[in-house]
Amino acid sequence: AEQCFSQIEGFADYGFPESHAASFAFLVYISAWLKCHYPAVFSCALLNSMPMGFYAPAQIVRDVMDHGVEVRPVDINRSSWDHVLEDGGHVLRLGFRQIKGIKRANIEALIGARTMPYESVNELCYRSGLSKAVLERLAHADVFSSLGLTRREAVWAVGGLDEAPLPLFAYARNSEEHDLPREHVINLPAMPLGEQVANDYRTLSLSLKSHPLALLRSDLRLRGCVLLGELPYIEHGQRVRLAGLVTARQSPSTARGIMFITLEDETAYTNLVVWPNIFERFRRQILSATLLEVAGEV
């Protein structure tokens, strides 16, 4: 009994000391208070601190939208490098930092030349001095809506730019006599929603247009998959089939080979507990898949 007591006493002093518990609880209280009363501010700060933490930007954005905060997309005339708040701090505007592969120096050049709103792709190219490659990356990220251009139209417009126009033909915004000849207007077909969402995730790691699982929901229903938001209403011990995007994988050294996976669909999140024998059987899928369909017990 004395030996057992001494082991428990030693762990109490080392495993989770009161100072650690108190400081952690204090931070949790502050975070919870901010998230409750100022969700837009809280989420904006988290996104501007990336990469960090357990949650991806897509999860933070989806959560704040679920709590009634409007989130606006990255825009060539309205966004900054960082995510910012608009309309008195109640609306979250995504920043250029969310675009994969974009350099801050390029965005600073774009913003520095934005003394007045850009009105065309040609004007943006001339005033900012950005390369065609950078403009193509911005076009694929669908940031030209304030110019009245869809993603596909913006990519087309950037593709028609000269790589290095001669000074004689430099863009002259307010002089009609120097306007360059314009090509015939091409009516491009509208990009399907599924393609839009796929491109959003490819360039921004998130989408404000829809959730990928929402686009697959009819097929998943036919396969017997339930919504993750339905799980709290399913009885303990019942077997279910579900599907979701993989947002996190963890296998702590103390878990003895157990893998913990977090899945997300358009309604909620859920956690998977993958036993070692299942992990070995499906190792490749578990470690590489971005979308998983699983069957298991609640």
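Above this text sits the structure in question.
If you're wondering where the values come from, they're calculated on a predicted model, not measured in any experiment. (Residues numbered from 1 in each chain as written. Predicted model: local features only at pLDDT ≥ 70, side-chain atom pairs only at ≥ 80, totals over all residues. Heavy atoms only, no water.)

> Would you take a moment to explain the overall build of the protein for this structure?
Scanning the protein for helices and strands turns up 13 helices and eight strands. Across the 298 residues in the protein, those meeting the buried criterion constitute 35%. Intrachain contacts of the protein at a sequence separation of at least 6 include 52% that bridge at least 24 residues. (Helix = DSSP H or I, 4+ residues; strand = E, 2+ residues; numbered from the N terminus. Buried < 20%, exposed > 50% of the residue type's maximum accessible area, 1.4 Å probe, protein only. Contact = heavy atoms within 4.5 Å.)

> How should I be thinking about the pairing of strand 6 (residues 259-264) in this particular structure?
Within a regular beta strand, the side chains point alternately toward one face of the sheet and then the other, so they alternate between its two faces. For strand 6, a buried count of five out of six residues is recorded, marking the element as mostly surrounded by other parts of the structure. Bridge count between strand 5 (residues 239-250) and strand 6: five bridges; the pairing is antiparallel. Counterpart to L245 in the pairing with strand 6 is E264. In this sheet, strand 7 (residues 269-274) lies alongside strand 6 in antiparallel orientation, the contact comprising six bridges. Bridge pairing in strand 7 links E264 to Y269. Where strand 6 hands over to strand 7, the hairpin turn is made up of four residues, counted between the paired strands. (Pairing = 2+ DSSP bridges.)

> It is not clear to me how the pattern of salt bridges should be interpreted in this structure. Could you clarify?
Pairing is possible between side chains of opposite charge, provided their charged atoms come close. With the rule as written, the count across this model stands at 20 salt bridges. We note a salt bridge from E86 to R93, for which the minimum N-O separation is 3.0 Å. What makes E86 buried here is its relative accessible area of 16%. With its nearest N and O atoms 2.9 Å apart, the salt bridge here joins R241 to E293. Taken together, the positions of R241 in strand 5 and E293 in strand 8 (residues 291-297) put the pair 52 residues apart, joining distant regions of the chain. Accessibility expressed as a relative area gives 27% for E293, which makes it partly exposed. (Salt bridge = Lys/Arg side-chain N within 4 Å of Asp/Glu carboxyl O.)

> In this structure, what is going on with the side chain of R62? I would like to understand it.
Within the fold, R62 resides in helix 4 (residues 57-66). R62 sits in the buried class, given a relative accessible area of 13%.

> What should I look at first to understand the environment of S145 in this one?
Counting through the fold element by element, S145 comes out in the loop between helix 7 (132-140) and helix 8 (151-159). A distance of 3.1 Å separates the side chain of S145 from the side chain of D75, its partner in a polar contact. (Polar contact = N/O pair within 3.5 Å; in protein donor to acceptor, adjacent residues only side chain to side chain.)

> Please explain unusual backbone geometry as it appears in this structure.
For residues besides glycine, phi is generally negative; the peptide bonds are generally trans as well. Cis rather than trans, the peptide bond between M50 and P51 has omega equal to 0°. Secondary-structure assignment places P51 in the loop between helix 3 (39-48) and helix 4. The phi torsion at D87 lies on the positive side, around 55°, for a residue other than glycine. A positive phi angle is found at D142, which is not glycine, with a value near 60°. Within the secondary structure layout, D142 lies in the loop between helix 7 and helix 8. A relative accessible area of 15% means that D142 is categorised as buried.

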